[in-house]
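Secondary and tertiary structure notes
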Amino acid sequence: MKRELGIAKCGLACCLCSENVSCQGCDSGQCPDKDWCENRKCSIEKGYFHCYSCCNEECRKGLLSKIKPYGFSLFAKRYGEEALLDCLERNEKNGVVYHRQGIVGDYDEFDDVEELIRFIKELPV
């Protein structure tokens, strides 16, 4: 886990991403998707560091339409980014996979965001 990369503006875990080994994270300005990322543009325009800072919890714009970034954003809004990073790090050490094939992994297997948040927080043994 590259904890220093943290959580992207949209809620994806840059710290766990294995897709681009040279990427320095969403906030570095070097993200290969920075020009088209709707969440990055919106949060910058509104003056927020992350989507989870916004008061609109129901927003499903851009990557928030996917369960993983939406769940991570809600988790960070409720418990804080450090708590999310702590849980993701613990889960990774316990075998939870962020990217299994392509960009899909264990956190993508949920249909209900509250179940995903519970899974992040209380990793079943």
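These remarks concern the structure in this document.

Conventions we followed
- Residues numbered from 1 in each chain as written.
- Predicted model: local features only at pLDDT ≥ 70, side-chain atom pairs only at ≥ 80, totals over all residues.
- Heavy atoms only, no water.
- Helix = DSSP H or I, 4+ residues; strand = E, 2+ residues; numbered from the N terminus.
- Expected span 1.5 Å × (residues − 1).
- Buried < 20%, exposed > 50% of the residue type's maximum accessible area, 1.4 Å probe, protein only.
- Arc of directions from axis to C-beta.
- Contact = heavy atoms within 4.5 Å.
- Core = buried A, V, L, I, M, F, W, Y, C linked by side-chain atoms within 4.5 Å.
- 1 Å grid on protein atoms, 1.4 Å probe; cavity = no way out; pocket = protein on both sides within 12 Å on 5 of 7 lines; lining within 4 Å.
- Points joined across faces, edges and corners; volume = space filled by probe spheres on them.
- Nonpolar A, V, L, I, M, F, W, Y, C, P; charged D, E, K, R; others polar.

On to helix α3 (residues 81-93). Because each turn of an α-helix spans 3.6 residues, side chains separated by three or four positions end up pointing in the same direction. If you check α3, its first and last C-alpha atoms are 18 Å apart, about what 13 residues at 1.5 Å a residue would give, namely 18 Å. Among all positions in α3, only Glu81, Leu84, Leu85, Cys87, Leu88 and Asn91 are buried. Around the axis of α3, the buried residues are gathered within 165° of arc, so they sit on the same side. Turned more than 90 degrees away from the buried face of α3 sit Glu82 and Lys93, all of them exposed. Here the buried face of α3 lies against α2 (67-79) and α4 (113-121). Positive backbone phi, at 95°, marks Gly95, one or two positions downstream of α3.

Okay, the side chain of Lys68 next. Structurally, Lys68 can be placed in helix α2. Apart from the residues lying within four places of it in its own chain, the contact partners of Lys68 are Leu12, Tyr98, His99, Ile103, Tyr107, Asp108 and Leu116.

Counting 27 residues, the largest nonpolar core has Ile7, Ala13, Phe72, Leu84, Leu88, Tyr107 and Ile120 as its most contacted members. Every element with two or more residues in this core is listed here: α2, α3 and α4. Ranked by residue count, the leading element in this core is α2, at six residues. In this structure Leu84 touches Ile7, Phe72, Phe75, Ala76 and Ile120, once residues within four positions along its chain are discounted. Counting residues in each nonpolar core, the second largest holds five residues, with Leu5, Ala8, Cys10 and Cys26 among its members.

Size it by volume and the largest pocket reaches roughly 630 Å³. Around the largest pocket sit 29 residues that line it, and Leu12, Cys17, Asp33, Leu63 and Ile103 are the ones nearest its centre. Residues of the lining of the largest pocket, tallied by class, amount to 18 nonpolar, three polar and eight charged. Here the second largest pocket defines a volume of roughly 200 Å³. Elements represented by at least two residues in the lining of the second largest pocket include exactly α1 (38-46) and α2.

As a further point, take the environment of Pro69. Looking at the secondary structure, you find Pro69 in helix α2. The exposure class of Pro69 is buried, given its relative accessible area of 2%. Along the primary structure Pro69 and Ala8 are separated by 61 residues, whereas in three dimensions their C-alpha atoms are 8.8 Å apart. Contact partners of Pro69, with chain neighbours within four places excluded, come to Cys10, Gly11, Leu12, Leu63 and Leu64.

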